[in-house]
Amino acid sequence: METLRPFLDQKVKIEISGNETLCGKLIDVGSDIIVLFNGKDYLYIPFMHIQHFWGNQEDEEEYNETDSVPFNTTTLSVRSILTNAKGLFLEVKVAGKQSIHGYVTSVQSDYIIFYSPVFKTMYIPFHHLKWIIPYHTSMTPYALEYSMLPVNPSNITIARSFEVQLNKLIGKVVVFDLGMSEFRIGQLKKIESKFIHLVTAKEEVILINLNHIKTAHFS
């Protein structure tokens, strides 16, 4: 986006979805994503989650880059970053204040398959990724040994779209949005007209708009 290019290598402040404010130096601008260095990490932030953006010359922090930019791609976009990130340790932000740590195992048409040591295999739609932070090369999630971080693939085949993938989970107990609400955990009964029919532990049927599902995983 040419509108943001005049801010390259300058200190900026960004408000993203969820009323969160980020400060740092603008490193790069792509077709649908920017790169911000906050003095410690490189944050890859999709345009769609930027609410407000302005210069921040009052910021006295020195943002001295110590490492090269983690991803060197000819085209800087959400898809190219996720594709280049396959197998690398990442922190991704999707819902509330909680981040998810792990790595991308597959990039599909409108979602990624993400492996987390905590939540195992997860499905995350592109449009709910607030930011992506690559780990420093010497770090692993929770200081685990590499041998303890295998991908444990499920026996469910991978679909191109998020909705079709969720249809493969019908009849299973699923957890949406990291289980932050009791109305996001239950048996997936069906998906109809973009609404998920979920049966809670107390057998209450809840309808959830598919477009507002940020993450999905199952046991």
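Residues numbered from 1 in each chain as written. Predicted model: local features only at pLDDT ≥ 70, side-chain atom pairs only at ≥ 80, totals over all residues. Heavy atoms only, no water.

Asks: I'd like a description of the packing of aromatic side chains, backed by residues and values.
Replies: Using the criterion set out here, one finds eight aromatic pairs in the structure. Measuring from centroid to centroid gives 5.1 Å for Phe7 and Phe53, while their planes differ by 75 degrees, and the two rings are edge-to-face. Of this pair, Phe7 sits in the segment before β1 (11-16) while Phe53 is found in strand β5 (residues 50-55), placing the two residues 46 residues apart along the sequence. Judged by relative accessible area, Phe7 falls into the partly exposed class, the value being 24%. Aromatic pair Tyr103 and Tyr115: ring centres 5.7 Å apart, planes at 45 degrees, arrangement tilted. A residue pair is termed long-range when its members are at least 10 positions apart, and Tyr103 in strand β7 (residues 98-107) and Tyr115 in strand β8 (residues 111-116) qualify at 12 residues. By relative accessible area, which is 7% here, Tyr103 ends up buried. (Phe/Tyr/Trp six-rings, centres within 6.5 Å; stacked < 30°, edge-to-face > 60°. Helix = DSSP H or I, 4+ residues; strand = E, 2+ residues; numbered from the N terminus. Buried < 20%, exposed > 50% of the residue type's maximum accessible area, 1.4 Å probe, protein only.)

Asks: Tell me about the nonpolar core, and name the residues and values.
Replies: Counting 29 residues, the largest nonpolar core has Tyr44, Leu82, Ile100, Ile112 and Phe114 as the members making the most contacts within it. When contributions to this core are tallied by element, the ones reaching two or more residues are β3 (33-37), β4 (42-46), α1 (78-84), β6 (90-95), β7, β8 and β9 (120-125). Tallying contributions element by element places β6 first for this core, with four residues. Apart from the residues within four sequence positions on either side, Leu82 is in contact with Val104, Val107, Ile112, Phe126, Leu129 and Ile132. Leu166, Val174, Ile208 and Leu210 belong to the second largest nonpolar core, which has 19 residues in total. (Core = buried A, V, L, I, M, F, W, Y, C linked by side-chain atoms within 4.5 Å. Contact = heavy atoms within 4.5 Å.)

Asks: Outline the confidence of the model for the chain, supporting the account with residue identities and numerical values.
Replies: The pLDDT averaged across the chain works out to 91; a share of 99% of its residues lies at or above 70. Per-element mean pLDDT across the chain ranges from 91 in β6 up to 98 in strand β13 (residues 195-199). (pLDDT = per-residue confidence, 0-100.)

Asks: Tell me about the side chain of Glu15, and please be specific about residues and values.
Replies: As for its placement among the helices and strands, Glu15 is situated in strand β1. Despite its burial, Glu15 pairs with no opposite charge; the closest candidate is Lys13, at 9.2 Å N-O. Setting aside anything within four residues of it in sequence, one finds Glu15 in contact with Glu20, Thr21, His49, Ile50, Gln51, His52 and Trp54. (Lys, Arg positive; Asp, Glu negative; His and termini not counted. Salt bridge = Lys/Arg side-chain N within 4 Å of Asp/Glu carboxyl O.)

Asks: Summarise the pattern of salt bridges; cite the residues concerned and give the values.
Replies: Inspection of the entire model under this criterion finds four salt bridges. A salt bridge links Lys194 to Glu163; its shortest N-O distance comes to 2.7 Å. Of this pair, Lys194 sits in the loop between β12 (185-192) and β13 while Glu163 sits in helix α2 (residues 162-167); the two residues are 31 residues apart in sequence, bridging distant segments of the chain. Given a relative accessible area of 41%, Lys194 falls into the partly exposed group.

Asks: Give me the layout of surface pockets: which residues, what numbers.
Replies: Once rolled over the atoms, a probe with the size of a water molecule shows which space is left empty. In this structure, the largest pocket encloses a volume near 330 Å³. In terms of lining, the largest pocket is formed by 14 residues, of which the most central are Pro70, Pro134, Tyr135, His136 and Thr137. Looking at the lining of the largest pocket residue by residue, the classes come out as nine nonpolar, three polar and two charged. Approximately 150 Å³ is the volume attributed to the second largest pocket. Residue lining of the second largest pocket: Thr105, Ile113, Thr121, Tyr123, Val151, Asn152, Pro153, Ser154, Ile156, Ile158 and Gln165, and that is the complete set. Residue composition of the lining of the second largest pocket, by class: six nonpolar, five polar and no charged. (1 Å grid on protein atoms, 1.4 Å probe; cavity = no way out; pocket = protein on both sides within 12 Å on 5 of 7 lines; lining within 4 Å. Points joined across faces, edges and corners; volume = space filled by probe spheres on them. Nonpolar A, V, L, I, M, F, W, Y, C, P; charged D, E, K, R; others polar.)

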